[in-house]
Amino acid sequence: MPTLLIVDDHPLFREALRSAVQRVLPGALLHEADDVDGLYALADEHPDADLLLMDLSMPGAHGFSALVHLRARHPQMPVVMVSGREEPAVVHRALHHGALGFIPKSADSRTIGTAISAVLDGERWVPPQIAAAPPVDDAESEVAQRIRELTPQQFRVLQMLGSGRLNKQIAYDMGVSEATIKAHVTAILRKLGATNRTQAVLLAGRLAVDPDGVVLPPDEND
């Protein structure tokens, strides 16, 4: 039976996805998580999963960066984004960064089932009402390529920098020394082509759904 991964921080929507999957794929093996750390743990535990249904906005995620990093880490895993954001530009950005489908959270159970079936059959699926949108700009594509080069630890540090956390706070959360975090930050700056943590967060912010809402990190020696 197929294995599907569901990652969404809203229990009610996870239930809706679960019901839709069980309707079109009775007996499918389902595994769930509710944040980005759980997402990576599930993907690592089930690298051959047939499909990942992934919320665009959940704890630990910053726009499309989690999708970009996941696709670099598990390029063979089909991903469908689910989101309450239904603007054509958001849908097209998700597809550009590696998603095979996009399900609006306003979709009913039948539509969700249709989308899942289409992607499992090797097709792309987006809402039929989505109109053409401008292509993703080159700067965003370049940042995505650089983020793909980060290790899982470096990516996690970058995400925490984007949440406004200090080195000592990140070190505590990750259970490592502050010197280790500084080494990660140095590597992140080099790979992103940034001169300081603020510039690194701004660059990564190009993948945010709303780049104007990016939180800048506190001043600290890199």
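Everything numeric here is computed off the predicted structure, so don't read it as measured data.

Colleague: Is there a simple way to think about the pattern of salt bridges in this case?
Modeller: Any two side chains of opposite charge can pair, so long as their charged atoms come close to each other. Counted according to the given criterion, the structure contains ten salt bridges. Glu-32 is the salt-bridge partner of Arg-14, the closest N and O atoms lying 3.2 Å from each other. You can see Arg-14 sitting in helix α1 (residues 11-24) and its partner Glu-32 sitting in strand β2 (residues 29-33), a full 18 residues away along the chain. For Arg-14, a relative accessible area of 14% gives the class buried. The exposure class assigned to Glu-32 is partly exposed, which follows from its relative accessible area of 31%. Within this structure, Asp-8, Asp-55 and Lys-105 form a network of salt bridges that share partners.

Colleague: Whenever I open this one, the domain arrangement of the chain confuses me. Can you help?
Modeller: Many analyses report the size of an interface as the accessible area lost when the parts associate. Parsing the chain into structural domains produces domain 1 (3-121) and domain 2 (138-206). Using C-alpha coordinates to define each centre, domain 1 is positioned 25 Å away from domain 2. Counting from both sides, the interface comprises 14 residues of domain 1 and, opposite them, 14 residues of domain 2. Here domain 1 packs against domain 2, burying approximately 1100 Å² in sum over the two surfaces, 51% of which is carbon and sulfur. Three residues stand out in domain 1 for area buried against domain 2, namely His-62, Val-68 and His-69, and they jointly supply 40% of the buried area on that side. The tally of links between domain 1 and domain 2 comes to two salt bridges. Here Glu-140 and Arg-93 are joined by a salt bridge, their closest N and O atoms 3.0 Å apart.

Colleague: Just checking my understanding: could you explain the nonpolar core for this structure?
Modeller: If you look at soluble globular proteins, the nonpolar side chains tend to sit buried side by side. Among the nonpolar cores identified, the biggest contains 52 residues, and Leu-52, Met-54, Met-81 and Ile-147 are the most heavily contacted of them. Inspection of this core shows a minimum of three residues originating in each of domain 1 (3-121) and domain 2 (138-206). Ignoring any residue separated from it by four or fewer positions in sequence, one finds Met-81 in contact with Met-54, Asp-55, Leu-56, Leu-67, Ala-94, Ala-99, Gly-101, Phe-102 and Ile-103. Residues Leu-4, Val-80, Ile-112 and Ala-115 belong to the second largest nonpolar core, which totals 20 residues.

Basis of the calculations
- Residues numbered from 1 in each chain as written.
- Predicted model: local features only at pLDDT ≥ 70, side-chain atom pairs only at ≥ 80, totals over all residues.
- Heavy atoms only, no water.
- Salt bridge = Lys/Arg side-chain N within 4 Å of Asp/Glu carboxyl O.
- Helix = DSSP H or I, 4+ residues; strand = E, 2+ residues; numbered from the N terminus.
- Buried < 20%, exposed > 50% of the residue type's maximum accessible area, 1.4 Å probe, protein only.
- Domains from an automatic or database assignment.
- Contact = heavy atoms within 4.5 Å.
- Buried area = accessible area lost by both parts, 1.4 Å probe.
- Core = buried A, V, L, I, M, F, W, Y, C linked by side-chain atoms within 4.5 Å.

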